[in-house]
Amino acid sequence: PHQTFRECTDCPEMVVVQGGTFKMGSPDVEHHKEEYPPHDVTIAQVAISRLELTFDAWDACAAHGECRSDISADWGRGQQPVINVTWQDAKQYVEWLSIVTGKPYRLLSEAEWEYAAGTGKTTLYFFGNDDAMLDQYSWYGVNAQSHAHPVGSEKKPNPFGLSDMYGNVAEWVEDCYHEGYRGAPADGSAWKTGDCTHRVVRGGYWLSRAAALRSTSRDWAHF
């Protein structure tokens, strides 16, 4: 746990996250029925990108002809987080990493993402319930000035060593979207049945309110 590594020059830096069992979801069915019921999930040890994917990393894939080269950047490229990518784009990128490295890169499952963001805690955020502390860890509606920021810039990582899990840009995960967790996998795997024209998006982004950055908060988009 906490070991970092990079498997090629253009590959993202990875950090090893120790597995564990945690309570996924929210008990507040009245206000967050899409996060109900809370349920125990066991996560295996997994390596996760330490930072959100940058345009530099994306453009390396595009230069090899494996990713789209026409992704527009609203605030520049370089170390800015890649934006305007579809779920299929994200899948194409991790497939390219698998080819380049010979290792099984993939999108996180929704359960893995929630565990990694919240570090297994049952509080609203990994640091507790006080959203005033978000300013130390995330770019969001209060402080982002309506735009994304270079990855890992100025904000602290969480205890797992992961940056920008809350805010900056939202992140695709593997799962198909369901309106709640009844029947959800308990082993940390992705939920791949149901209406898979809607895929889960996590983490909030530069315009999000604090409530949308909670570790359990969920959203979806057409894939």
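Here the structure is shown first, and the text comes after it.
Residues numbered from 1 in each chain as written. Predicted model: local features only at pLDDT ≥ 70, side-chain atom pairs only at ≥ 80, totals over all residues. Heavy atoms only, no water.

**Topic: the sheet that holds strand E5 (residues 46-49)**
Pairing in this open sheet of three strands is antiparallel, and the strands run E1-E2-E5 from one edge to the other. Single-partner strands in this sheet number two, and they are strand E1 (4-5) and E5. Pairing between strand E2 (residues 14-17) and E5: four bridges, direction antiparallel. For Val-16, the partnering residue across the bridge sits in E5 and is Ala-47. (Pairing = 2+ DSSP bridges. Helix = DSSP H or I, 4+ residues; strand = E, 2+ residues; numbered from the N terminus.)

**Thoughts on the environment of Ser-109**
Here Ser-109 lies in the loop between helix H2 (87-101) and helix H3 (110-118). You can call Ser-109 buried: its relative accessible area is 2%. Linking Ser-109 and Lys-192, residues 83 residues apart in sequence, is a C-alpha distance of 9.8 Å. For Ser-109, the contacting residues outside a window of four places in its chain are Val-173, Asp-175, Gly-188, Ser-189 and Ala-190. At 2.6 Å, the side chain of Ser-109 forms a polar contact with the backbone oxygen of Gly-188. (Buried < 20%, exposed > 50% of the residue type's maximum accessible area, 1.4 Å probe, protein only. Contact = heavy atoms within 4.5 Å. Polar contact = N/O pair within 3.5 Å; in protein donor to acceptor, adjacent residues only side chain to side chain.)

**As for unusual backbone geometry**
Residue Pro-37 is bonded to the preceding Tyr-36 through a cis peptide linkage, with omega at 0°. A positive phi is found at His-2, a non-glycine position, where the angle reads about 80°. Mapped onto the secondary structure, His-2 falls in the segment before E1. Looking at His-2, the relative accessible area reads 48%, which means it is partly exposed.

**Observations concerning the packing of aromatic side chains**
Scanning the model with the defined rule gives 13 aromatic pairs in all. Measuring from ring centre to ring centre gives 4.8 Å for Trp-75 and Trp-206, while their planes differ by 85°; the resulting arrangement is edge-to-face. Here Trp-75 is found in the loop between helix H1 (55-63) and H2, whereas its partner Trp-206 is found in the loop between strand E7 (198-202) and strand E8 (219-222), with 131 residues between them in sequence. Taking relative accessible area as the criterion, Trp-75 reaches 32% and is therefore assigned partly exposed. In this structure an aromatic cluster arises from ring pairing among Tyr-125, Phe-126, Phe-127, Tyr-137 and Tyr-166. Across the ring face of Trp-139, the terminal group of Lys-155 is positioned such that the distance to the ring centre comes to 4.2 Å. It is Arg-199 that lies over the ring of Trp-87; its NZ or CZ is 3.8 Å from the centre. (Phe/Tyr/Trp six-rings, centres within 6.5 Å; stacked < 30°, edge-to-face > 60°. Lys NZ or Arg CZ within 6 Å of the ring centre and 35° of its normal.)

**As for the side chain of Glu-174**
By the element assignment, Glu-174 lies in strand E6 (residues 171-176). For Glu-174, the residues in contact, after removing those within four places along its chain, are Trp-87, Lys-91, Leu-107, Leu-108, Ala-190, Lys-192 and Arg-199.

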